[in-house]
Amino acid sequence: MKSRPSLLAVAVATAFVQPAFGADDGDRVLSPVKAQAAREVEVQSRTELGRLTEYTPLAGSVVEREELETVRFVDSFHELLPRVPGVSMSRNMRFTDGGKNYTENRIDGMRARNTGTYGFVDQVNSGDIERIEFIRGPGSVLSGSNAIGGTINVITRDPPAKREFQVSGEAFEDGGYRTGLSGGDRLSDSLGYFFNINQLDHDGWRDHTDQKKTSLSTKWVWRPDSSSKLALRYEYIDDDYQSAGSLDEAQFHDNWRQAEPGSYLRTAVKYSTPSLHYRKMFGDVGELNLYGQQRHTDQTARSSGFTGGGSTLGDTESYETNIQLMYKHNFSLAKTSLTGGFDYLDTASDSKKFNDLSPKSFHFSRGALTAHSKSYEKNKSPFLQVEFSPLDPLRLTVGVRRDDISYRVDDKFNNNKDGSTSYQKTVRKFGAVYEISPRALIWANVAEGFMGPGVSTLLGSGTPTPATPAAAWASRYIPANMDLKPEESMTHEIGVRGSFDFGLKYDTGYYETDFENLIVSQACIQNVDFCRTRNVNAAKASAHGFETALSYDINQYLEIGLSHTYARYRYADYQTATADYSGKKRYYTPRNHYNLRVVVKPAAGWRVELEGDYIDSYYTNQANTDRYSRPDLYNLRASYSAKSWSAWLHVLNLTDTKFGERVGSSDAGVRNSFDAGYSPRLVRVGVSYQF
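Residues numbered from 1 in each chain as written. Predicted model: local features only at pLDDT ≥ 70, side-chain atom pairs only at ≥ 80, totals over all residues. Heavy atoms only, no water.

Chemist: Teacher, can you tell me more about the overall build of the protein chain here?
Modeler: Check the secondary structure of the protein chain and you find six helices and 31 strands. Taking 691 residues into account, the globule formula puts the C-alpha radius of gyration at 26 Å, and the protein chain, at 25 Å, falls close to it. Seen through its principal axes, the protein chain has C-alpha atoms that stretch 70 × 55 × 55 Å. Counting across all 691 residues of the protein chain, residues that qualify as buried make up 54%. Contacts spanning at least 24 positions in sequence make up 66% of the contacts within the protein chain whose residues lie at least 6 apart. When the accessible surface of the protein chain is totalled, it reaches about 28200 Å², and 54% of it is carbon and sulfur. Taken as two groups, the 81 positive and 85 negative side-chain charges of the protein chain have centres that lie 1 Å from each other. (Helix = DSSP H or I, 4+ residues; strand = E, 2+ residues; numbered from the N terminus. Rg over C-alpha atoms; globule rule 2.2 N^0.38 Å. Buried < 20%, exposed > 50% of the residue type's maximum accessible area, 1.4 Å probe, protein only. Contact = heavy atoms within 4.5 Å. Areas by Shrake-Rupley, 256 points an atom, 1.4 Å probe, with all protein chains shown as cover. Lys, Arg positive; Asp, Glu negative; His and termini not counted. Charge placed at Lys NZ, Arg CZ, Asp CG, Glu CD.)

This is how it looks when you write it as structure tokens:
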């Protein structure tokens, strides 16, 4: 196993220094948690519920617009998220588990999805992002109780202070382009607008990776009076993309550009998202926030058939409606702030599956209907949080959230999926921030979490039980289990953050999370059981780790940024019918992940960044019989900005290294999955003009 003792020493050493707040942030490689208010601001106004500030007892990182304009990502997971501590290798913040909903997705503080993923960043108009807040861990009481891994909150752009318009264009070496137009203005002292529209047409380096994506959004902000603000926003995304699938080891070594043989995976999805946010201030003591958002998803997809073998063709239409009401009131006694509210998410989904008449092409040719169901999910969550300062340097936070979650499925085809269930739990969260000195603070929190199983997990395949064990094995049949319990967790975190007066800033923390009633896929016994796998509460697990973000402005010409994740995840009790994984480490979980950026500014307007990304080797299966060591990767980004125009050159995978994005294997150690996402050296160039 490789190591980076010098980098680790830097990360550990920062836990014992005393930083200085209040320094000018200036240009930064990656923002640690950034204060939204100056230090002089009254302590009751330094934090906003659900937002990251240096005074919030939460782990997290903020990626600002300057960072987004440096990266200019097409694929956020491979280009942006490696710079953020705590992002796992599969779906979630912190915890690698592609089948679990441990991550919550929000736009401007509003819940956008009932199922979360770090890939959500690509489902928002990238040209309309002001910053992205990555909250690691359970967060405040505003976060859902299932957000055990974290919350991704995309904050969109507001109208500019004065008229501005910009046009941009990019060209890709692997074929394709991206163009964009954005602008905004203040029509009066009380009314302003911003809009962005961009078009991506990307061929992709690998076979079967074409993508065509149109994104547009606009926000209008009206201030009826000096104490209130109404923001109305609309976003539309039309994304049509292919997937190359995965290769086995022989296929990867023979031709790593090829798509999975025989696969023609494609998704055509449209997102339409209107939203509003009304904010009203009542002097210096009260603040009312009302949020409303509805996300309409219309999708047709030919995707891998994990439960039925082969691939499936289906249509899905869903509406996810979020309404939030929050009121915050400040009291003079102990500088107390009391916040109460209600968070409601209603999801209605209509799903159909068809016989695929053209499985060997990218055309969607629907045959006979094979399944049709409607599902409904309701989340009703009142919450209450109190913050107070018994001593001037100490700020305590206590919160409770009651989640009432109900699921219902109405099978319109053959009644094999009909069912309903509900789960309720009150979770408690406690946080503390202590200013050690004017140059340092320490924070800590303790938070419960729970995640109810979704309808698809409860009902398994949702088809009749096959006639024989052999037929059940061949069809990958998963039986229903309506007796599944919710997963429960307990998280403890502690950290320090701040900056030196000579330009070094840091944010580092340690966490421990214990899981009970883990839902796992348990293997059935071939030719004996009437199933291929079954979903059961059959495991306990514990996880711990360090997460660190550093930025050092050495002088006006040189900056250094470092993100480090140390993660351990181990099953305490996990047995299946054929294997005992107790004591085994979670696969796809490297011990260390370092992302180092060195920025040189040789002259006014110039910026050159060299990024290096390193991960330890990781287990490729749950039996821990095989490890994969990914080569180190390097990216070069150079840009020049003048008064009204800018240009940039990006070279991804600078050393042209052949690597597997994510490698999986059987328990016997046979590598059978090199997942999509890798590419050789690729060049992108672009230019923008502001007028």
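Chemist: Quick question: what am I supposed to make of the sheet that holds strand β5 (residues 150-156) here?
Modeler: The pairing of strands in a sheet comes from backbone hydrogen bonds and takes either a parallel or an antiparallel form. Read from one edge to the other, the open sheet built from five strands follows the order β1-β4-β5-β2-β3, with strand pairing classed as mixed. Edge positions in the open sheet fall to β1 (59-64) and β3 (110-111), since each of these has one partner strand only. Bridge count for strand β2 (residues 103-107) against β3 is two bridges, and the pairing is antiparallel. Counted as the bridge partner of isoleucine 107 is methionine 110 from β3. (Pairing = 2+ DSSP bridges.)

Chemist: Teacher, can you tell me more about the packing of aromatic side chains here?
Modeler: Working definition: an aromatic ring pair is given by the centre-to-centre distance plus the angle between the planes. Under the defined criterion, the tally for this structure stands at 34 aromatic pairs. Measuring from centroid to centroid gives 4.8 Å for tyrosine 587 and tyrosine 588, while their planes differ by 70°, and the two rings are edge-to-face. Judged by its relative accessible area of 23%, tyrosine 587 falls in the partly exposed class. Ring-pair connections join several aromatic residues into one group, and the members of that group are Trp205, Phe252, Trp256, Tyr587, Tyr588, Tyr618, Tyr628, Phe659, Phe674 and Tyr678. One cation-aromatic arrangement involves arginine 72 over tryptophan 648; the distance from NZ or CZ to the ring centre is 3.6 Å. In this structure, arginine 295 packs its charged tip against the face of tyrosine 271, placed 4.4 Å from the ring centre. (Phe/Tyr/Trp six-rings, centres within 6.5 Å; stacked < 30°, edge-to-face > 60°. Lys NZ or Arg CZ within 6 Å of the ring centre and 35° of its normal.)

Chemist: Explain the state of the cysteines to me, please; I cannot follow it from the model alone.
Modeler: Two cysteines joined by a covalent bond between their sulfur atoms form a disulfide. A full pass over the atoms with the stated rule returns one disulfide. Between the sulfur of cysteine 524 and that of cysteine 531 lies a disulfide, 2.0 Å long from S to S. Here cysteine 524 and cysteine 531 share a disulfide; its torsion about the S-S bond, -105°, makes the bridge left-handed. Taken individually, cysteine 524 and cysteine 531 each receive the classification buried, so the pair is uniform in this respect. (Disulfide = S-S within 2.5 Å.)

Chemist: What exactly am I supposed to notice about the environment of glycine 545 here?
Modeler: Of note, glycine 545 is situated in strand β21 (residues 533-555). Taking relative accessible area as the criterion, glycine 545 reaches 0% and is therefore assigned buried. Taking the C-alpha atoms as reference points, glycine 545 and alanine 567, separated by 22 residues in sequence, lie 4.4 Å from one another. Not counting chain neighbours up to four residues away, the residues in contact with glycine 545 comprise Gly509, Tyr510, Tyr511, Tyr566 and Ala567.

Chemist: Please explain the pattern of salt bridges as it appears in this structure.
Modeler: Oppositely charged side chains may form a pair once their charged atoms are brought near each other. In the structure shown here, the tally under the stated rule is 49 salt bridges. With its nearest N and O atoms 3.0 Å apart, the salt bridge here joins glutamate 547 to arginine 136. You can see glutamate 547 sitting in strand β21 and its partner arginine 136 sitting in strand β4 (residues 129-136), a full 411 residues away along the chain. A relative accessible area of 3% places glutamate 547 in the buried class. The salt bridge partner of lysine 601 is glutamate 559, with a shortest N-O separation of 2.8 Å. Highlighted residues: lysine 601 in the loop between β23 (592-600) and β24 (606-615) and glutamate 559 in strand β22 (residues 558-574), separated in sequence by 42 residues. (Salt bridge = Lys/Arg side-chain N within 4 Å of Asp/Glu carboxyl O.)

Chemist: It is not clear to me how the environment of leucine 265 should be interpreted in this structure. Could you clarify?
Modeler: With respect to the helices and strands, leucine 265 occurs in strand β11 (residues 265-282). Residues leucine 265 and glycine 149 lie 116 residues apart in sequence; the distance between their C-alpha atoms is 29 Å. Not counting residues up to four positions away in its chain, the partners in contact with leucine 265 are Tyr241, Gln242, Ser243, Gly245, Arg302, Ser303, Ser304, Ser311 and Phe362.

Chemist: Sorry, what's going on with unusual backbone geometry here?
Modeler: Phi is mostly negative for residues that are not glycine, and the peptide bonds are mostly trans. Not every positive phi belongs to a glycine, and histidine 208 is a case in point at roughly 60°. Along the chain, the position of histidine 208 falls in the loop between β8 (191-202) and β9 (211-225). Its identity as a non-glycine residue notwithstanding, asparagine 624 has a phi of 60°, on the positive side. Residue position: asparagine 624 is located in the loop between β25 (618-619) and β26 (627-628). For asparagine 624, a relative accessible area of 17% corresponds to the buried category.

Chemist: How should I be thinking about the pairing of β4 in this particular structure?
Modeler: Looking down a regular strand, the side chains alternate between one sheet face and the other. Of all eight residues making up β4, seven are buried, and the element is well covered by its neighbours. Direction of pairing for β1 relative to β4: antiparallel, over a ladder of six bridges. By the bridge assignment for β4, glycine 60 is matched with isoleucine 135. Sheet topology note: the β4/β5 ladder contains seven bridges and is antiparallel. In the strand pairing of β5, phenylalanine 134 is matched with isoleucine 152.

Chemist: Explain a nonpolar patch on the surface to me, please; I cannot follow it from the model alone.
Modeler: Taken together, the side chains of Val167, Leu181, Ile197, Leu216, Tyr234, Trp645, Val687, Tyr689 and Phe691 make up a nonpolar region of the molecular surface, amounting to roughly 760 Å² of accessible area. With a relative accessible area of 43%, valine 687 lands in the partly exposed category. (Patch = residues over 30% accessible without salt bridge, like charges linked within 9 Å, V, L, I, M, F, W, Y side chains within 5 Å.)

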